[in-house]
Each structure stands twice: as structure tokens, then as C-alpha cells.
Amino acid sequence: MTDRVTITAVTPGARVEHGNSLADLGLIALFCLIWSSAFAAAKFALPDCPQLILLSSRFLAAGVILLALAKVAGRLERLDRRTVASWAILGAFNSALYLGLSYSGMATVSSAFTAVLISANPLLTALVAASVLGEKLSALKLSGLLLGMLGVAILLRSRLSGGIEDGHGTLLVLAGLVALVAGTILFKKLKPGGDLWTGTAIQSLAAGILLLPVALATESLGDVRLTPALIGGWSYLVIAASIGGYLLWFRLLQKKTATEASSLHFLMPPLGLFFGWLIFREPVSLVDCLGIVPIAIGIAMVTRG
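Residues numbered from 1 in each chain as written. Predicted model: local features only at pLDDT ≥ 70, side-chain atom pairs only at ≥ 80, totals over all residues. Heavy atoms only, no water.

- As annotated in an unreviewed UniProt entry, the chain is Drug/metabolite transporter (DMT)-like permease from Kaistia defluvii.
- Quoted verbatim from the Subcellular location (unreviewed entry) heading of the UniProt record, the comment on the chain is "Membrane".
- Listed under Sequence similarities (unreviewed entry) in UniProt, the entry text for the chain is "Belongs to the EamA transporter family." (UniProt positions renumbered as here; feature names shortened; annotations may be inferred.)

What follows is the structure, encoded as C-alpha cells:
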């Protein structure tokens, strides 16, 4: 494998790769930075736009842009009904439900705390993948997952016991986490074919179409204020997160097992806390930092070849 980073489609029956080349590490680093910073970008835009209107417009714009880019690049494909349906289902879980619930919860909890909660993704994914996908859960990986759970528990206890975060918002974010886990498992189960750009465009459009009626029924367009914060945050979410982030996420899922790919979310707490502190000056305590230690050790154990 060369060191050149490319994003190409992998056939459904392709062998899952293990280990990390320089290109893999580059994909992982870029994905983690984009994914963890997206919550801060959303928090930046949400004061000037209701969350579901922000989400649905973001997904629709990203889908249209991706289709246009695929057409220009000669990558646009005509997909069969099963493949289109598979990508649409992934859009419902990976985008509409996951981020719809997370954004609703983030109205009352901090962006850093949201990133910490979503980082529990590897724990649930590994347990489900072991039974549903038959992925091997060795003693080393199980120990790493337990350490990660310990770190997340420390962070949760620190923030909830101190009354910093809202309980209802926390439940909404946790529901979004369950949707993300389901979307990860479904990707490996459905094995959607076709070009990755076309497929990602379909999943983004499906998410936008599902969220738009709910947004228009429950929110008002009159509450949208075209401020520099909204325009900047929305643009970042469309280009970096919905296009770049999801292309990278699906690419990593194609190359890794569900457990290995999801374990990258253990890297989100320190990055999420950092972006929350950097942009919004959200407090980061010593206990938060202590909770990150077992998480960091856990991810090393889970991804060990």
C-alpha cells in the first residue's frame, strides 16, 4: 500500500485490513479532528438557527454537493434499488437519528460533554458486533473496552454529580449514541455497494429528507438569523463534517472491523473537551483529565493487532 491517501469504494466481499500504514494513520487523524470539532461547530451555529432546520439543510446541501462532485469526477453511478435502500437506511441511523437526537440534547448540554458521551460508541459496538457480526472479542480487547467504560463513567460522574449537565439532554444524546451504534452495525451487515461518493450522497440526502418535515412542523424559519456565526458554522458542518467526515468514516469502516473502527471514538473526549474549552471556554476539570487516562489506554488495547 502506498502512502498516498485515496478514498475509493471497496467491494462488499473485500477482506478487512488490519494494522495501520502511514495513509491509514492520516485518515484516522483527519477523521478524529473533523468528527470531534463538529460538535463545537454546531454549538457555534445553534444560537442562530433551530437544530433540526440546521441539520436538514446541512444534509440536503451536502448531498447535492457530493452528487455534483461525483458527476464532475466521473464517479456518479446508477445504483440498483437494494443499494439505494441500504444507503438510505444508513442515512436514517447514521445521520438523521444520531445527530437529530444529539443536537436536540446539545441544546441543554455542552458540546464537550456530547463528544464524551458519543465516545462510548466503541463499547456498545464491540458488544453488539461480537454477537451480530461474529467479530472476535479477545480478553485484551474486552479489558480495553472495560477501561474505556471506566473513563467515560468518571467523566459522566464528574459532570452530572456537579449539576453541570442537564439530565434530559443527556438522555437524548445517549439515544443518539444508540442510533450511531445501530448505523455502524448495519453498514457491516448490509455491505452497501457502489461508489463511496454516490453512496454517501444518498445517505446524506435521505437524512435531510427525513428530518425536513419534522423540522418544518416543530420549528420556525423565522427563528433563523443569517449571522456570520451561523454561516461559518453551517459551512463547516456541510463541507468538513457531512462530506469529509462521513466519507472518511465509511472508508474506515470498509478497511477495519466495526470494533476497530468504532474504537477511534475513544479519541473524541480529549479532542471534544479541547475544542469546547478553546472555542466556548467550557470548563475542563482535573477529574475530566483523569477520566481520559483509562480511555487512552483502552483504545490502545482494543486496536492492538
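There is more to say, and it comes next.
### Observations concerning the nonpolar core
Then step 1. Grouped together as the largest cluster of nonpolar side chains are 71 residues, with contacts concentrated most on Leu-54, Trp-87, Tyr-98, Tyr-103, Leu-237 and Phe-250.
Then step 2. No other element matches helix 9 (residues 228-255), which puts 13 residues into this core.
Then step 3. Beyond its immediate chain neighbours, meaning those up to four positions away, Tyr-98 contacts Trp-35, Phe-39, Phe-93, Ile-118, Gly-176, Ala-179, Leu-180 and Tyr-246. (Core = buried A, V, L, I, M, F, W, Y, C linked by side-chain atoms within 4.5 Å. Buried < 20%, exposed > 50% of the residue type's maximum accessible area, 1.4 Å probe, protein only. Helix = DSSP H or I, 4+ residues; strand = E, 2+ residues; numbered from the N terminus. Contact = heavy atoms within 4.5 Å.)

### Here we look at unusual backbone geometry
Then step 1. Not every positive phi belongs to a glycine, and Lys-191 is a case in point at roughly 50°.
Then step 2. Mapped onto the elements, Lys-191 comes out in the loop between helix 7 (167-190) and helix 8 (196-218).

### Digging into helix 3 (residues 81-105)
Then step 1. In this model, helix 3 (25 residues) spans 34 Å end to end at C-alpha, consistent with the 36 Å of a helix rising 1.5 Å per residue.
Then step 2. Where helix 3 starts, the residue carrying a side-chain oxygen 3.1 Å from the main-chain nitrogen of Arg-82 turns out to be Asp-80. (Expected span 1.5 Å × (residues − 1). Polar contact = N/O pair within 3.5 Å; in protein donor to acceptor, adjacent residues only side chain to side chain.)

### Some remarks on a nonpolar patch on the surface
Then step 1. Side chains of Phe-44, Phe-274, Trp-277, Leu-278 and Ile-279 sit close together on the surface and give an oily, nonpolar patch of about 470 Å² of accessible area.
Then step 2. At four residues, helix 11 (residues 268-280) tops the list of elements feeding residues into the nonpolar patch.
Then step 3. Structurally, Phe-274 can be placed in helix 11.
Then step 4. Classification of Phe-274 by relative accessible area gives partly exposed; the value is 41%. (Patch = residues over 30% accessible without salt bridge, like charges linked within 9 Å, V, L, I, M, F, W, Y side chains within 5 Å. Areas by Shrake-Rupley, 256 points an atom, 1.4 Å probe, with all protein chains shown as cover. Salt bridge = Lys/Arg side-chain N within 4 Å of Asp/Glu carboxyl O.)

### Description of the side chain of Ser-86
Then step 1. Tracing the sequence through the fold places Ser-86 in helix 3.
Then step 2. Residue Ser-86 is classed as buried on the basis of its relative accessible area, which comes to 4%.
Then step 3. Once residues within four sequence positions are removed from consideration, Ser-86 is found in contact with Leu-190 and Pro-192.

### With respect to empty space enclosed by the protein
The gaps of empty space that remain are located by a probe, the size of a water molecule, rolled over the atoms.
Then step 1. Taken as a whole, this structure holds one cavity of 30 Å³ or more when the rule is applied.
Then step 2. Lining the largest cavity are Ile-34, Trp-35, Ala-38, Phe-39, Arg-58, Tyr-98, Leu-99, Tyr-103, Ala-241, Gly-245 and Tyr-246.
Then step 3. Mapped by element, the contributors of at least two residues to the lining of the largest cavity are helix 1 (22-45), helix 3 and helix 9.
Then step 4. Considering every element that reaches the lining of the largest cavity, the biggest residue donor is helix 1, with four residues.
Then step 5. Split by residue class, the lining of the largest cavity holds nine nonpolar, one polar and one charged. (1 Å grid on protein atoms, 1.4 Å probe; cavity = no way out; pocket = protein on both sides within 12 Å on 5 of 7 lines; lining within 4 Å. Points joined across faces, edges and corners; volume = space filled by probe spheres on them. Nonpolar A, V, L, I, M, F, W, Y, C, P; charged D, E, K, R; others polar.)

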